[in-house]
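One-letter residues, chain by chain:
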Amino acid sequence: MKKTRGEVDPAAEFLEFFYPIHYQIGKALEDVLRNNQLTRKQVAILWLLRSEGAPNGRLRRKDIQRLIGTWFEISSPSITRALRAMARPPLRLVQLSEDPTSGREKMVILTPEGKRFLSTMAEKGKQLLRPLLAHFSADEIRFGAQFFRRGVSVIQNAQIGNVHTARRKGVAPSRRKKTSSSERVAPRD
């Protein structure tokens, strides 16, 4: 996007939002989602199962590793430890089983407890966001949700630095219904 003299550089303007959105809102949201029980990485794994997993919350372990690796500096053994901790009591949020297409690969599947935990996480996240959203009109919220949906779409197909963020073959598509921009109203619960 070309700017004229005296115009604000859009990239510079958006960069100013990085700290308040990523660290202030994002960290507060992550803390609420952790529910004093999970690590940030475990929250991210559960959210991947929710948003990228098949309808029953199922992803191959290697897909979790690839997707979460774009967010955190995390090793394969760290992912294994996080998954095992979530599979054992008292959490029992996921089940690890053999991938029917590969004897070496594991499938990670949300348990009923995991699905309930995710529902609680989402509700707590909404409770955190509602007071913030109360400061905006319905049109501003609609526009904001549309902007973020479009942003996510662009990011998923962009190359940022040396990381190509597009979804790769073998990862279940998001369960979100495709809608036109005029139909998009609010983010998913």
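The coordinates are above.
Everything in this summary refers to the structure shown in the same document. None of the values given here were measured: they were computed from a predicted structure. (Residues numbered from 1 in each chain as written. Predicted model: local features only at pLDDT ≥ 70, side-chain atom pairs only at ≥ 80, totals over all residues. Heavy atoms only, no water.)

Some details on the packing of helix 3 (residues 40-51) against helix 5 (residues 76-87)
Between helix 3 and helix 5, the least distance of the axes is 10 Å, while the angle of their chain directions is 75 degrees. Classed by the angle they form, the pair helix 3 and helix 5 counts as roughly perpendicular. For the pair helix 3 and helix 5, contact is made by Gln42, Ile45 and Leu46 and by Ala82, Leu83, Ala85 and Met86, respectively. (Axes fitted to C-alpha atoms, helices over the stretch in contact; angles between N-to-C directions. Helix = DSSP H or I, 4+ residues; strand = E, 2+ residues; numbered from the N terminus. Parallel < 35°, antiparallel > 145°, perpendicular 65-115°, else oblique. Contact = heavy atoms within 4.5 Å.)

Observations regarding the nonpolar core
The biggest cluster of nonpolar side chains holds 26 residues, and the ones touching the most others in it are Leu38, Ile45, Leu46, Leu49, Ile68 and Met86. Where this core is concerned, the elements lending two or more residues are helix 3, helix 4 (61-68), helix 5, strand 3 (102-110) and helix 6 (112-133). Broken down by element, the residue count for this core peaks at six residues, all from helix 3. (Core = buried A, V, L, I, M, F, W, Y, C linked by side-chain atoms within 4.5 Å. Buried < 20%, exposed > 50% of the residue type's maximum accessible area, 1.4 Å probe, protein only.)

Some details on the packing of aromatic side chains
Counting across every chain of the model gives five aromatic pairs. Each ring, one from Phe147 and one from Phe148, has its centre 5.8 Å from the other, and the planes form 70 degrees; the classification is edge-to-face. Under the relative-accessibility criterion, Phe147 is labelled partly exposed at 39%. Linked through ring pairs, Phe14, Phe17, Phe147 and Phe148 together constitute an aromatic cluster. (Phe/Tyr/Trp six-rings, centres within 6.5 Å; stacked < 30°, edge-to-face > 60°.)

Examining the packing of helix 3 against helix 4
Between helix 3 and helix 4, the shortest axis-to-axis distance is 10 Å and the interhelical angle comes to 120 degrees. Helix 4 is crossed by helix 3, and the crossing has right-handed handedness. Together, Lys41, Ala44, Ile45, Leu48 and Leu49 of helix 3 and Ile64, Leu67 and Ile68 of helix 4 make up the contact between the two elements. Residues that form the contact of helix 3 with helix 4 fall into these classes: seven nonpolar, no polar and one charged. (Left-handed = near helix turned anticlockwise from the far one by under 90°. Nonpolar A, V, L, I, M, F, W, Y, C, P; charged D, E, K, R; others polar.)

Some words on the environment of Lys62
Structurally, Lys62 is set in helix 4. In this structure, the C-alpha to C-alpha distance between Lys62 and Ile79, residues 17 residues apart in sequence, is 9.8 Å.

Re a nonpolar patch on the surface
The grouping of Phe14, Phe17, Ile21, Ile25, Leu132, Phe143, Phe147 and Phe148 at the surface amounts to a nonpolar patch, some 790 Å² of accessible area in total. Looking at the nonpolar patch, the elements that each hand over two or more residues are helix 2 (18-34) and helix 7 (138-156). (Patch = residues over 30% accessible without salt bridge, like charges linked within 9 Å, V, L, I, M, F, W, Y side chains within 5 Å. Areas by Shrake-Rupley, 256 points an atom, 1.4 Å probe, with all protein chains shown as cover. Salt bridge = Lys/Arg side-chain N within 4 Å of Asp/Glu carboxyl O.)

Looking at the pattern of salt bridges
Taken as a whole and judged by the stated rule, the model has nine salt bridges. Salt-bridge contacts for Arg40 lead to Glu30; the nearest nitrogen and oxygen are separated by 2.9 Å. Of the two residues, Arg40 sits in helix 3 while Glu30 sits in helix 2, which places them ten residues apart along the sequence. Accessibility expressed as a relative area gives 24% for Arg40, which makes it partly exposed. Residue Glu30 is classed as partly exposed on the basis of its relative accessible area, which comes to 28%. For Arg40, the salt bridge is made with Asp31, and the minimal N-O distance between the two is 2.9 Å. When salt bridges that share partners are traced, they join Lys27, Glu30, Asp31, Arg34 and Arg40 into one network.

What to know about the sheet that holds strand 1 (residues 58-60)
What the three strands build is an open sheet, ordered 1-3-2; its pairing is antiparallel. Each edge of the sheet is formed by a strand with only one pairing partner; in this case those strands are strand 1 and strand 2 (94-99). The average angle at which neighbouring strand axes cross in this sheet is 30 degrees, direction not considered. By the bridge criterion, three bridges tie strand 1 to strand 3 in an arrangement that is antiparallel. Paired with Arg58 across the strands is Ile109, a residue of strand 3. (Pairing = 2+ DSSP bridges.)

Purely geometric stuff here, so don't read any function into it on its own.
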